[in-house]
Amino acid sequence: MKPWTALSPAEQTLMRRGLWQSRLAGTIQQYGIDLRWAGAKDAPLLRSYTEDEQRALVPRLASVALDLVERGLLTVRTRQGLGAAPTDPVLTGSQLQDVLAEPANWLRSPEAAVTFDLDATEPAREWWQASTLPVVVGDGLPGWDELTREQQEVLVCASEAGGLLTGPFGIWEDLPTESAGVELSEWVDRRLAPLLPYVREGWIEVRHFAVESGDAFTVIPLDDLRTAFADRSLRYDDGDDWGVGFGCVFTYTGLAVWLSGGSAAWGSRLTFESSG
């Protein structure tokens, strides 16, 4: 079995999705994220892939997926219930090839009549457990109880699928209606203070979602967070659509720290300070 680092970025993305029993739809979008986090030259910079870009990558990812299936590392299943299940039928032969060749099956769509899931095989899971789980070396980082409630809320938000910071479903309160200028900047700085160390460390990525449907987003860099979070139109505080506004997500580095349990892997490397 290849070491994890010897797998191509596409193989790594597909295997991660399979280990988490994730949908086939959305995999190419995650591939772009993985490329960016790895610093690849052909990664989409600070944004999601467009639909056309995703469709153009389908042949490449389909070929990699078929190869992983042939090597006994991955299966593709047709979901029969609300969630992925080990009893869902496995696609084989021409049916598998047809499903992987169809671009629509790789794109997120609430109207999709059939859902296909990726699932790692048992040998692949054993290989992952034995040799590829991320290892976090503790260096005197504070325990969970030593973090402030605001820091804990940010970490929980990042751990959730679709964790939102702003808007009617976010963890942060709306901008004060009467504040402006320096007063508004100071208010925003106080709210951002628990988040900034994790973004600075590369553990959390902040994204902006402009529309409710779809999975298109832009990444907000550390230096732009104050300006972005002070913009009422971007925050979508007055709307009622789920998913619009600012959200956050763990990078793979941050996820490794989170999964370590937080005891030996929280914080002396973090500088808890607000930006300029």
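Above this note sits the structure.
Below you will find a few notes about this structure. (Residues numbered from 1 in each chain as written. Predicted model: local features only at pLDDT ≥ 70, side-chain atom pairs only at ≥ 80, totals over all residues. Heavy atoms only, no water.)

**As for the overall build of the chain**
The secondary structure content of the chain amounts to 11 helices and 5 strands. By the burial criterion, 45% of the 276 residues in the chain qualify as buried. Here the analysis covers contacts within the chain between residues at least 6 apart in sequence; of these, 70% occur between residues at least 24 apart. Surface summary for the chain: the accessible area is close to 14000 Å², and the carbon and sulfur share equals 52%. (Helix = DSSP H or I, 4+ residues; strand = E, 2+ residues; numbered from the N terminus. Buried < 20%, exposed > 50% of the residue type's maximum accessible area, 1.4 Å probe, protein only. Contact = heavy atoms within 4.5 Å. Areas by Shrake-Rupley, 256 points an atom, 1.4 Å probe, with all protein chains shown as cover.)

**Looking at the pairing of strand 1 (residues 74-78)**
Within strand 1, 5 of the 5 residues are buried, leaving the element largely enclosed by the surrounding structure. Inspection of the sheet shows strand 1 paired to strand 2 (residues 116-120) by 5 bridges, in the antiparallel sense. Of the residues in strand 2, the one forming a bridge with T75 is D119. (Pairing = 2+ DSSP bridges.)

**A few points about the packing of aromatic side chains**
Counting across every chain of the model gives 8 aromatic pairs. Their ring planes at 40 degrees and their centres at 6.0 Å tell us that W4 and W127 sit as a pair that is tilted. Here W4, found in the segment before helix 1 (9-19), pairs with W127, found in helix 5 (residues 122-131); they are 123 residues apart in sequence, far enough to count as distant. Of the two residues examined, W4 and W127, each falls in the buried class. Between Y198 and W203, the aromatic rings sit 6.5 Å apart at their centres with planes inclined by 20 degrees, giving stacked as the arrangement. Note on W203: relative accessible area 2%, which makes it buried. Counting every residue linked through ring pairs, the aromatic cluster contains W4, W127 and W128. A cation over an aromatic ring shows up here: R16 above the ring of Y252, its NZ or CZ 3.8 Å from the ring centre. A cation sits over an aromatic face here: R207 above F217, 4.3 Å from the ring centre. (Phe/Tyr/Trp six-rings, centres within 6.5 Å; stacked < 30°, edge-to-face > 60°. Lys NZ or Arg CZ within 6 Å of the ring centre and 35° of its normal.)

**Section: the nonpolar core**
Counting residues in hydrophobic clusters, the biggest one holds 33 residues, and the most contacted among them are L14, M15, L61, L100 and W106. In terms of residue count, the dominant contributor to this core is helix 3 (residues 51-70) (7 residues). Once residues within four sequence positions are removed from consideration, L100 is found in contact with L24, V58, A62, A65, L66, V76 and W106. (Core = buried A, V, L, I, M, F, W, Y, C linked by side-chain atoms within 4.5 Å.)

**Topic: the side chain of D34**
Mapped onto the secondary structure, D34 falls in helix 2 (residues 27-37). Those residues in contact with D34 that sit more than four places away from it in its chain are T13, R16 and Y252.

**Quick look at the state of the cysteines**
In the structure shown here, the tally under the stated rule is 0 disulfides. Free of any disulfide, C157 has its nearest neighbouring cysteine sulfur in C248, separated by 3.6 Å. (Disulfide = S-S within 2.5 Å.)

**Here's the deal with the sheet that holds strand 5 (residues 245-250)**
Strand pairing in a sheet relies on backbone hydrogen bonds. The paired strands run either parallel or antiparallel. Pairing within the open sheet is antiparallel, and its 3 strands lie in the order 4-3-5. Of all the strands in the sheet, the pair left with one neighbour each is strand 4 (218-219) and strand 5. Strand direction decides the pairing type here: strand 3 (residues 204-209) and strand 5, joined by 6 bridges, are antiparallel. Residue pairing in the sheet places E205 in a bridge with V249 of strand 5. On top of the sheet, helix 6 (residues 149-159) reaches strand 3 and strand 5; it is set at about 85 degrees to strand 5, its chief contact. (Axes fitted to C-alpha atoms, helices over the stretch in contact; angles between N-to-C directions.)

**Thoughts on helix 2**
Since one α-helical turn is 3.6 residues long, residues separated by three or four positions face the same way. With respect to burial, helix 2 is a largely interior element, 10 of its 11 residues being buried. Within the sequence span of helix 2, burial applies to T27, I28, Q29, Q30, Y31, G32, I33, D34, L35 and R36. Contact partners of the buried residues in helix 2: helix 1, helix 3, strand 2, strand 3, strand 4 and helix 11 (252-259). G39, located one to two residues past helix 2, shows a positive phi value of around 75 degrees.

**Let's talk about the environment of Q21**
Within the secondary structure, Q21 sits in the loop between helix 1 and helix 2. Each C-alpha atom of the pair Q21 and D117 lies 6.2 Å from the other, and the pair is 96 residues apart in sequence. Those residues in contact with Q21, other than ones at most four positions away along the chain, are A84, L118, D119 and R125.

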